[in-house]
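Observations on chain architecture
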Amino acid sequence: MSHKIALNFEDGVTRFIDAAAGETVADAAYRQGINIPLDCRDGACGTCKCFAEAGRYDLGQDYIEDALSEEEAEQGYVLTCQMRAQSDCVVRVPASSDVCKTQQASFEASISAVRQLSDSTIALSIQDESLSQLAFLPGQYVNLKVPGSEQSRAYSFSSLQKDGEVSFLIRNVPGGLMSSFLSGLAKAGDAMTLAGPLGSFYLREIKRPLLLLAGGTGLAPFTAMLEKIAEQGSEHPLHLIYGVTNDFDLVEVDRLEAFAARIPNFTFSACVANPDSSYPQKGYVTQHIAPKHLNDGDVDVYLCGPPPMVEAVSQYIREQGIAPANFYYEKFAASAA
């Protein structure tokens, strides 16, 4: 039985490899043309030391303390020349994809659906048989090339890949290059090119309660994460707070309600910053974070939104005198033409 290994490089590129039963991660990578750091292959030099962020594996006993200390092994560090996967794994590689002689994967696909969810948000789906080979970690993004130009824009997946189709939530930016195409020219069947996956913002193994904070179209990576959680389940409570500026920015609430019905310990709330809003909950996401959501620090916080929101949440958590076990965030800014 083989296992899928996600190799995350320090420049944000992620490549997936298959490791056969009993095969070391290093051997699997080299067999598939990815030259991750390696020297002795005997667990003696430490050159291939990486960090395993998720998954089960066996390191055996054939390595020395100088290469990997007991404390490092307990923290999750591994020697890929000794690591044999016992499940799908995620491994962080302390080198760039270029140094390891690999690069972003590129795919050609076509638009299967484009919908204007609101004045501010566009839903885009693209599909192609080749995308059935596209693997990514929920929360990651790709670079989508704007048809008719040489420019690309980065968008997080808002769904998992299914039958060669993936989806995105895209902010409709007045005058934006991609926005102008999607709102005025795009139609089903139009060709699109994507490259990736990329990014260090993705769902890790769930070991404690999660607090998910989304701002505007920063909701996209969380709907992909929730699809994964709905598939695999979670014994820990999960709460999402979704904040927008205006009433018309509030989209996909029915989808969140569907996740709440599918995932027993998932709850969510939404809020609108505009004081003239007719929505019941007003204000910013920080005003709706309850002490129980921070769980005295035994919580993993995931945050995706514009830079001011990221800074405001970071400051709010510091002011509470609480240090989350992990704090993962992704900032995004709109791109004009």
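Residues numbered from 1 in each chain as written. Predicted model: local features only at pLDDT ≥ 70, side-chain atom pairs only at ≥ 80, totals over all residues. Heavy atoms only, no water.

1. Digging into the side chain of Thr24
- Residue placement: Thr24 occurs in the loop between β2 (14-19) and α1 (25-31).
- A distance of 3.1 Å separates a polar side-chain atom of Thr24 from the backbone nitrogen of Asp27.
- If we skip the residues at most four places from it in the chain, Thr24 touches Thr80, Cys81, Gln82, Met83 and Arg84. (Helix = DSSP H or I, 4+ residues; strand = E, 2+ residues; numbered from the N terminus. Polar contact = N/O pair within 3.5 Å; in protein donor to acceptor, adjacent residues only side chain to side chain. Contact = heavy atoms within 4.5 Å.)

2. Details of unusual backbone geometry
- Between Gly196 and the following residue, Pro197, the backbone shows a cis peptide bond with an omega angle of 5°.
- Along the chain, Pro197 falls in strand β13 (residues 191-198).
- Although it is not a glycine, Asp296 sits at a positive phi angle of roughly 55°.
- Position of Asp296 among the secondary structure elements: in the loop between α6 (291-294) and β17 (300-305).

3. Some thoughts on the pairing of strand β14 (residues 210-215)
- Among the six residues that make up β14, six are buried, leaving the element largely enclosed by the rest of the structure.
- Neither face of β14 is left uncovered, since the one carrying Leu210, Leu212 and Ala214 and the one carrying Leu211, Leu213 and Gly215 both have all their residues buried.
- With six bridges connecting them, β14 and strand β15 (residues 238-244) associate as parallel partners. Bridging from a neighbouring strand, Gly215 pairs with Gly243 of β15.
- The parallel pair β14 and β15, bridged by helix α4 (residues 220-232), forms a crossover whose chirality is right-handed.
- Judged from the five bridges that link them, β14 and β17 form a sheet pairing that is parallel. Bridge pairing in β17 places Ala214 opposite Cys304. (Buried < 20%, exposed > 50% of the residue type's maximum accessible area, 1.4 Å probe, protein only. Pairing = 2+ DSSP bridges. Right-handed = clockwise from strand over helix to strand, strands pointing away.)

4. Regarding the packing of aromatic side chains
- Scanning all chains against the criterion turns up eight aromatic pairs.
- When the centroid spacing of 3.7 Å and the interplanar angle of 10° are considered together, the rings of Phe136 and Phe157 count as stacked. Here the residue Phe136 occupies a position in the loop between β9 (121-127) and β10 (141-145), and Phe157 occupies one in the loop between β11 (152-156) and β12 (165-171), the gap between them amounting to 21 residues.
- On the basis of relative accessibility, which here comes to 11%, the residue Phe136 falls in the buried class.
- The exposure class of Phe157 is buried, given its relative accessible area of 0%.
- Clustering of aromatic rings is evident, with ring pairs tying together Phe201, Phe222, Tyr302 and Tyr328.
- The ring of Tyr328 has Arg204 lying over it, and the distance from NZ or CZ to the ring centre is 4.2 Å. (Phe/Tyr/Trp six-rings, centres within 6.5 Å; stacked < 30°, edge-to-face > 60°. Lys NZ or Arg CZ within 6 Å of the ring centre and 35° of its normal.)

5. Some points on the domain arrangement of the chain
- Domain boundaries in the chain define domain 1 (2-99), domain 2 (103-198) and domain 3 (210-331).
- Its C-alpha centre places domain 1 at a distance of 33 Å from the equivalent point of domain 3. (Domains from an automatic or database assignment.)

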